[in-house]
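# Residue-level structure breakdown
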Amino acid sequence: MEIIIKETRKQASEIAANIVADLVKRKKPAVLGFATGATPLALYQELIRRHGQGALSFKDTVTFNLDEYVALDPSHPSSYHRFMEDNLFQHVDVPQAAIHLPDGRAENIPAACEAYEKAIKDAGGIDLQILGIGGDGHLAFNEPGSSLSSRTRIKTLTKETRTANSRYFGDIDQVPKHVITMGLGTIMEAKACLVLAFGAGKAEAVRDMIEGPVSSSCPASILQFHAHAIALMDQEAAARLRRLDYYLEVYHGKPAWQRWE
Ligand code: F6R
């Protein structure tokens, strides 16, 4: 795994935007995997800024989001459909027909999950999957204990995740218990993965992801098997890494073209 540690979330998010922009300019159509939550917000703001300046167009992109709550209407203020619309899609030029999120309201959830997997395959697979990590090491909504080769399916959220996400609902009782999420096997098929982590609350999970054993107890640790995974974080999220000095030395020793700056 390539480890990139920047002082601040803003600096790290600019690097993430450089990685996305490089792909979007280089490959048409570029198939992007998006995440929700607080982590990618600064990246989305930077992509919107570049789009506003005329430096970046998403008209030749196809997008797939990682997850969505079960039984929540897409227009619900806390749905991931709304999150993406509010925080990215309405500000850039991704064609509406090219946007995909799991259908949390499907009557036949297994069939909807299979259809989602097929849509990803039909698009040629995801070129770059943006990821955030949960404080318990979850990736998308693959909570600890998830099969390391799981596919898109329904999952039950842990209390920890529902508590963390209650900030979007006001009250934990309003947070749905079930979600549809891409599986770890689905995520691992993305050609490249970019996992972002910010703040001290992620430091333990980041250490387990990068330096711990590969284990379903830390679902994100499966990325150790990915040939093109980048972990991009701020200093606080990196604070518990045992080989922190080494990762910094490796990064600063790279030629400029390898540093995405
Ligand atoms: C959501 C997702 C989750 C979040 C994780 C971190 O699409 O994939 O894995 O990335 O729960 O959430 P934040 O970013 O809010 O700390």
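One can find the structure itself at the top, above this paragraph.
Conventions used here
Every chain's residues receive numbers from 1 upward, in the order its sequence appears when written. Owing to the predicted nature of the model, reporting of local features is limited to residues with pLDDT of at least 70; listing and counting of side-chain atom pairs is limited to 80 or more, with chain, interface and lining totals taken over all residues. As a convention, hydrogens and water are excluded, and side-chain values are obtained from all of the structure's heavy atoms. In this description, a line fitted to the C-alpha atoms serves as the axis of each element, helices being fitted only across the stretch in contact, and the angle between N-to-C directions of two axes falls anywhere from 0 to 180 degrees. Strands are runs of DSSP state E lasting at least 2 residues, helices are runs of H or I lasting at least 4, and numbering of each runs from the N terminus. Roughly parallel here means an angle under 35 degrees, roughly antiparallel means over 145, roughly perpendicular means 65 to 115, and every remaining angle is called oblique. Two helices that cross are described as forming a left-handed crossing if the nearer one is turned anticlockwise from the farther one by less than a right angle, and a right-handed crossing if clockwise. Contact criterion: two residues are considered in contact whenever any of their non-hydrogen atoms come within 4.5 Å of each other. Note on pairing: two strands pair once DSSP finds at least 2 bridges between them. Counted as a polar contact is a pair of N or O atoms within 3.5 Å, where, for protein atoms, one must be capable of donating a hydrogen and the other of accepting one, and residues adjacent in sequence contribute only when both atoms are in side chains.

## Overview of the packing of helix α1 (residues 9-26) against helix α2 (residues 41-52)
Following both chains from N to C, one finds α1 and α2 inclined at 55 degrees, their axes separated by 8 Å at the closest point. The orientation of α1 with respect to α2, classified from their angle, is oblique. Note that α1 runs across α2; the crossing there is right-handed. Only A42, L43, E46, L47 and R50 of α2 make contact with α1, whose side of the interface consists of R9, S13, E14, A16, A17, N18, V20 and A21.

## A closer look at the sheet that holds strand β3 (residues 61-65)
In spatial order, the strands read β1-β10-β9-β6-β2-β3-β5; together these 7 strands make up an open sheet with parallel pairing. For this open sheet the edge positions go to β1 (2-6) and β5 (99-100), each flanked by a neighbour on one side alone. Looking at chain direction, strand β2 (residues 30-34) and β3 are connected through 5 bridges and run parallel. The partner of A30 across the bridge, within β3, is T61. Lying on the sheet, α1 is in contact with β1, β2, β3, β6 (128-132), β9 (192-197) and β10 (229-234); it crosses β10 at an angle near 150 degrees.

## A closer look at the sheet that holds strand β7 (residues 153-156)
Taken in spatial order, the 3 strands make up an open sheet running β4-β8-β7, and their pairing is antiparallel. Edge positions in the open sheet fall to β4 (67-69) and β7, since each of these has one partner strand only. Strand-to-strand twist in this sheet, taken as the mean axis angle between neighbours without regard to direction, amounts to 30 degrees. Taken together, the 4 bridges between β7 and strand β8 (residues 178-181) define a ladder with antiparallel strand orientation. Bridged to T156 within β8 is H178.

## Looking at the side chain of S150
Its place among the elements puts S150 in the loop between β6 and β7. In terms of polar contacts, S150 uses its side chain to reach the side chain of R153, at 3.3 Å. Dropping the residues within four chain positions of it, S150 is found in contact with N142, G183, L184, G185 and T186.

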